[in-house]
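Letter by letter, the chains look like this.
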Amino acid sequence: MSVTKAKDIKTEFDILKKYYADSPAKTKKTYYDNYKKVHAECEDRELNQVPLEDMVLIAGKLSQSFASQKAFLNIWSICNFKLQSLQASEPYKKYIETLENGITDQMKITHAIKMDSVASQEDILDHEERMYTAKRWSAYVACRIVRELLCRNKDLNLTVIDYDQQHKIEFAVKTSYDNWFVIQGKEISVVRNNYKTAKKYGCLTNKLVADKKLLEACKHLDRDELLFPGADTAAKLQNRLKNSLFTSEVGYLHSEIEKIKRTGNIGRLREIAATRGSSVEQLLTSYDLGYLLDKN
């Protein structure tokens, strides 16, 4: 007579972990965390024993956000359908459609509130001028980079160099994983290899408008140092940028997109997509605050 040992009994969570064993770490963490949150509310039942109507109440209890509720329903769906090689039921599909409509409505409200506080181009330029007048050179350069390239905070983890004979070998070796602020006479470039969407878009090299003010600021930057010396961690860089930019980098992006809507300069939208490492669709759906509102 064989005896079934406790270690041989596979729980639903064990099956879930095995099913997603080869998935990206971020995906696994999301699914596992959501499973644990839902399971804790299920009175010791596994998710495949929980009826949809109960799960709807549990998701509502866990969060008022329709997006979060959808995520909780999704992990329930995986356990009830995908792990058992079944198709999702029609009642489940209809409820998810209801949540998706709710998500859209919540986004409209959020965007409408944000539109009231979009920074004006005039305020952004005035702040930039104040940084220059105060001789806060790193801050001024950061303002110029974010305004012209509409890049993310991470992109400003830049090492300042003169691109002369001395640095050519070093630059060639390190360029595969570092970000550089390159000063080559009167030509100023930003080279990015380490940024959010680098795996998709590869190395980005963009020239800034090298006017007298930018060239003057560049004279005062320490070479072979970070743009913000000492800001060698994401948290430190974030803090320095918070005290240097007029608003968040997303605030700069919102302002520019609202300007594009007023002027109709769609070509600028394509430029932003290229310099940011994004897509026009992403800019419209995620950063155009009036996009959903205009679709009424």
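Predicted, not measured: the structure shown is a model, and the values here were computed from it. (Residues numbered from 1 in each chain as written. Predicted model: local features only at pLDDT ≥ 70, side-chain atom pairs only at ≥ 80, totals over all residues. Heavy atoms only, no water.)

Now for the overall build of the protein. When you go through the protein residue by residue, the secondary structure sums to 15 helices and five strands. Out of the 296 residues belonging to the protein, those deemed buried represent 40%. For the protein, the accessible area works out to roughly 17200 Å², and carbon and sulfur atoms hold 51% of it. (Helix = DSSP H or I, 4+ residues; strand = E, 2+ residues; numbered from the N terminus. Buried < 20%, exposed > 50% of the residue type's maximum accessible area, 1.4 Å probe, protein only. Areas by Shrake-Rupley, 256 points an atom, 1.4 Å probe, with all protein chains shown as cover.)

Where helix H6 (residues 121-133) contacts helix H7 (residues 137-149), the two axes come as close as 8 Å, and the packing angle between them is 155°. When the interaxial angle is binned, H6 and H7 end up roughly antiparallel. Of the two elements, H6 crosses H7, and the hand of that crossing is left-handed. Counted together, Ile 124, Leu 125, His 127, Glu 128, Met 131 and Tyr 132 of H6 and Trp 137, Ala 139, Tyr 140, Cys 143, Arg 144 and Arg 147 of H7 form the full contact between these two elements. Taken together, the residues of the contact of H6 with H7 break down into eight nonpolar, one polar and three charged. (Axes fitted to C-alpha atoms, helices over the stretch in contact; angles between N-to-C directions. Parallel < 35°, antiparallel > 145°, perpendicular 65-115°, else oblique. Left-handed = near helix turned anticlockwise from the far one by under 90°. Contact = heavy atoms within 4.5 Å. Nonpolar A, V, L, I, M, F, W, Y, C, P; charged D, E, K, R; others polar.)

Bringing the packing of aromatic side chains into the picture now. Evaluation of the coordinates by the stated rule reveals nine aromatic pairs. When the centroid spacing of 4.8 Å and the interplanar angle of 65° are considered together, the rings of Tyr 20 and Tyr 31 count as edge-to-face. Note that Tyr 20 is positioned in the loop between helix H1 (12-19) and helix H2 (25-39) and Tyr 31 in helix H2, a separation of 11 residues in sequence. We classify Tyr 31 as buried; its relative accessible area is 19%. A ring pair is formed by Tyr 132 and Trp 137, whose centres lie 5.5 Å apart and whose planes are at 80°; its orientation type is edge-to-face. Trp 137 carries the same exposure label as Tyr 132, and that label is buried. Of the aromatic side chains, those joined through ring pairs into one cluster are Phe 13, Tyr 32 and Tyr 35. One cation-aromatic arrangement involves Lys 213 over Tyr 132; the distance from NZ or CZ to the ring centre is 5.4 Å. (Phe/Tyr/Trp six-rings, centres within 6.5 Å; stacked < 30°, edge-to-face > 60°. Lys NZ or Arg CZ within 6 Å of the ring centre and 35° of its normal.)

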